[in-house]
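# Inside the fold
Here are the chains, one letter per residue:
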Amino acid sequence: MAAPASQRSVVFVDGIRTPFGKAGPKGMYAETRADDLVVKAIRELLRRNPQLDPARIDEVAIAATTQTGDQGLTIGRTAGILAGLPETVPGFAIDRMCAGAMTAVTTTASGIGFGQYDVVIAGGVEHMGRHPMGEGADPNPRFLADRLVDQSALVMGNTAENLHDRFPTITKERTDAYAVNSQNKYEAAKKAGFIADTLVPVATRSAAGWGLATEDEPPRPGTTVEDLAGLKTPFRPAGRITAGNAAGLNDGATAAILAGEDTALELGLPIGMRMVGFAYQGVDPAVMGYGPVPATEKLLARTGLKIEDIGLFELNEAFAVQVIAFLEHYGIADDDPRVNQWGGAIACGHPLASSGVRLMTQLSRQFAQRPDVRYGLTSMCIGLGMGGTVIWENPNFDGAK
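Residues numbered from 1 in each chain as written. Predicted model: local features only at pLDDT ≥ 70, side-chain atom pairs only at ≥ 80, totals over all residues. Heavy atoms only, no water.

The following threshold applies: UniProt positions are given in the numbering used here, feature names are shortened, and annotations may be inferred rather than shown by experiment.
For the protein chain, an unreviewed UniProt entry supplies the name Acetyl-CoA C-acyltransferase and the organism Rhodococcus oryzae. What UniProt records for the protein chain under Sequence similarities (unreviewed entry) is the sentence "Belongs to the thiolase-like superfamily. Thiolase family."

Laid out in structure tokens, this is it:
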């Protein structure tokens, strides 16, 4: 029997994203190609890390939920070529809906840990203005005919309403308050300069001419609970899910550099954080938003850590109700300062397959500010009933209590 391969430490070197835009004909990326958004992110990573010879990159993994048009054609490969990487650098596309970029990271990290990659680029893109979620999809009629899933499972907003039904203590008033807090935290982080450090400006064009996207388009600073109280509930009459307590439809891209820790040290690359482990778990598709809970439980069991060991949480805010369901399960207050310190997707946007790397990029920046925190967690719910969680270790941890 062959000896098992030794596991290498996998590190998150650096991450970047484009500003996130509003999807649709009036959004700032209406006339911008999806693949060009990815290219911009990859080029910025290389600009920020000039010590990395592009020829040392072993793989480019780019996720997209709707893999067609300008975000089709094996976008990991095409984006790599367009970004000017050597033709020797391969690439591929990946899809796990909202957790696409997260899966691009964990998949390539597995290759690093097994010793088959040294350096990779992983990320995701979604141009929901050009490619609405589910465009061109043809769900098998047996899903409903054989009652494999509830009909509501195919519409994410309906699954969020179902989650409210399962957890009657999570009221609309509570989710609205959470959403306002997300907007406020994002605005404070932006004013402090924390958000700008994670963005690469993107040249845009429209009927009015050329422009430059330097900030996220979706945030609504100054939003109040009173503003949200009267919004329409599009998924159910007298429902609880509104445009105010859920992420919008957005366009944007993310990319990150991952490496073996030994390679990062060899090349002089920064070490933003170390991967401790990851887990994915399926749940009833009708309550898709609950997925992060069992995924996190699985990962805590694998790593031997406890939820109390986690000092920072970056939870994707597809809907406020799913974040609160996670927090309630673990006895964490809705306004716990460890959670989404810089706000979340309710404020900045959620271009589906790109969001996982946004969470990671922000966590790595927060680690640099918080040497008192050893472990952080990135987690998100995933369409069709899944959750994904990654736990990271802070290389700047100084052991302070």
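### Observations concerning the overall build of the protein chain
So the rule is basically this: The helix and strand labels rest on DSSP assignments: H or I over at least four residues marks a helix, E over at least two residues marks a strand, and numbering proceeds from the N terminus. Radius of gyration here uses only the C-alpha atoms, and the compact-globule reference equals 2.2 Å multiplied by the residue count raised to the power 0.38. The cut-offs for exposure are 20% and 50% of the maximum accessible area for each residue type, with area from a 1.4 Å probe on protein chains only; residues under the lower value are buried, those over the upper are exposed, and the others partly exposed. Any pair of residues with heavy atoms lying within 4.5 Å of one another is described as a contacting pair. Shrake-Rupley sampling with a 1.4 Å probe provides the accessible areas, and residues are treated as covered by the protein chains on show and by no other component. By the counting scheme adopted, Arg and Lys are positive, Glu and Asp are negative, and His together with the chain ends is not counted. Lys charges are placed at NZ, Arg charges at CZ, Asp charges at CG and Glu charges at CD.
From N to C terminus, the protein chain includes 12 helices and 12 strands. Computed over its C-alpha atoms, the radius of gyration of the protein chain comes to 20 Å, within 12% of the 21 Å expected for a compact globule of 401 residues. Along the longest, intermediate and shortest principal axes, the C-alpha atoms of the protein chain span 60 × 55 × 50 Å. In the protein chain, buried positions account for 57% of the 401 residues. Long-range pairs, those at least 24 residues apart, make up 80% of the contacts in the protein chain with a sequence separation of at least 6. Split by element, the accessible area of the protein chain, about 16,100 Å² in all, is 54% carbon and sulfur. Taking the average location of the 36 positive side-chain charges in the protein chain and that of its 45 negative ones, the two points are 1 Å from each other.

### Some thoughts on helix α1 (residues 34–48)
For clarity, the cut-off: For a helix, the expected span equals 1.5 Å multiplied by the residue count minus one.
If you check α1, its first and last C-alpha atoms are 22 Å apart, about what 15 residues at 1.5 Å a residue would give, namely 21 Å. For α1, every residue scored as buried is listed here: Ala34, Asp35, Leu37, Val38, Val39, Ala41, Ile42, Glu44, Leu45 and Leu46.

### Some points on the UniProt feature "domain: Thiolase C-terminal" (unreviewed entry) in the protein chain
The sites that carry the UniProt feature "domain: Thiolase C-terminal" (unreviewed entry) are, in the present numbering, residues 274–393. Helix makes up 34% of residues 274–393 and strand makes up 26%, while its end C-alpha atoms are separated by 5 Å.

### Examining the nonpolar core
Stated formally: Residues enter a nonpolar core if they are buried and are Ala, Val, Leu, Ile, Met, Phe, Trp, Tyr or Cys, with the set joined through side-chain atoms within 4.5 Å.
Counting 38 residues, the largest nonpolar core has Phe313, Leu315, Phe319, Phe326 and Ile391 as its most contacted members. Those elements that place two or more of their residues in this core are α5 (156–166), α6 (172–191), α9 (292–303), β10 (310–315), α10 (320–329) and β11 (375–382). Apart from the residues lying within four places of it in its own chain, the contact partners of Phe326 are Pro292, Val293, Thr296, Phe313, Leu315 and Leu377.

### Things to note about the side chain of Thr18
Note on placement: Thr18 falls in the loop between β1 (10–17) and β2 (21–22). Classification of Thr18 by relative accessible area gives buried; the value is 0%. Other than its neighbours up to four places away in sequence, Thr18 contacts Tyr29, Leu37, Leu199, Val200, Val202, Asp216, Gly252 and Ala253.

### Quick word on the pairing of strand β4 (residues 91–94)
Test applied: Two strands make a pair as long as DSSP finds a minimum of two bridges between them. Clockwise travel from the first strand over the helix to the second, with the strands pointing away from the viewer, marks a crossover as right-handed.
Pairing of strand β3 (residues 59–63) with β4 involves four bridges; the strand directions are parallel. Residue Ile62 lies in a different strand from β4, and its bridge partner there is Ala93. What joins β3 to β4 is helix α2 (residues 75–82), and the crossover it makes is right-handed.

### Digging into a nonpolar patch on the surface
So the rule is basically this: Distance thresholds for patches are 9 Å for like charges and 5 Å for nonpolar side chains (Val, Leu, Ile, Met, Phe, Trp, Tyr), applied to residues having over 30% relative accessible area and no salt bridge. In what follows, salt bridge is the name for a side-chain nitrogen of Lys or Arg lying within 4 Å of a carboxyl oxygen of Asp or Glu.
Together, Phe143, Leu144, Leu148, Leu154, Val155, Phe235 and Leu384 line one region of the surface with nonpolar side chains, adding up to about 570 Å² of accessible area. You can see Leu384 is positioned in the loop between β11 and β12 (386–393). Leu384 gets classed as partly exposed once you look at its relative accessible area, which sits at 46%.

### Points about the pairing of strand β7 (residues 209–213)
Judged from the five bridges that link them, strand β6 (residues 202–206) and β7 form a sheet pairing that is antiparallel. Across the sheet, residue Val202 finds its bridge partner in β7, namely Ala213.

### A closer look at the UniProt feature "domain: Thiolase N-terminal" (unreviewed entry) in the protein chain
Within this numbering scheme, the UniProt entry marks residues 10–261 as carrying the feature "domain: Thiolase N-terminal" (unreviewed entry). Taken end to end, residues 10–261 is 31% helix and 19% strand, and its two terminal C-alpha atoms sit 6 Å from one another.

### Some thoughts on the packing of aromatic side chains
Inclusion rule: Note on ring pairs: Phe, Tyr and Trp rings are taken, using the six-membered ring of Trp, and paired if centres are within 6.5 Å. Classes follow the plane angle, with under 30 degrees stacked, over 60 edge-to-face and the rest tilted.
Under the criterion given, the structure shown has six aromatic pairs. Between Phe12 and Trp392 the ring centres are 5.9 Å apart and the planes differ by 80°, which places this aromatic pair in the edge-to-face class. One end of the pair, Phe12, is in strand β1; the other, Trp392, is in strand β12, with 380 residues separating them in the sequence. Residue Trp392 is classed as buried on the basis of its relative accessible area of 0%. Geometrically, the ring pair formed by Phe194 and Trp342 is stacked, given 5.1 Å between the ring centres and 20° between the ring planes. Residue Phe194 is found in the loop between α6 and β6, and its partner Trp342 is found in the loop between α10 and α11 (345–348); the two are separated by 148 residues along the sequence. Residue class for Phe194 comes out partly exposed when judged on its relative accessible area of 30%. Aromatic ring contacts, followed pair by pair, group Phe313, Phe326 and Tyr330 into a single cluster.

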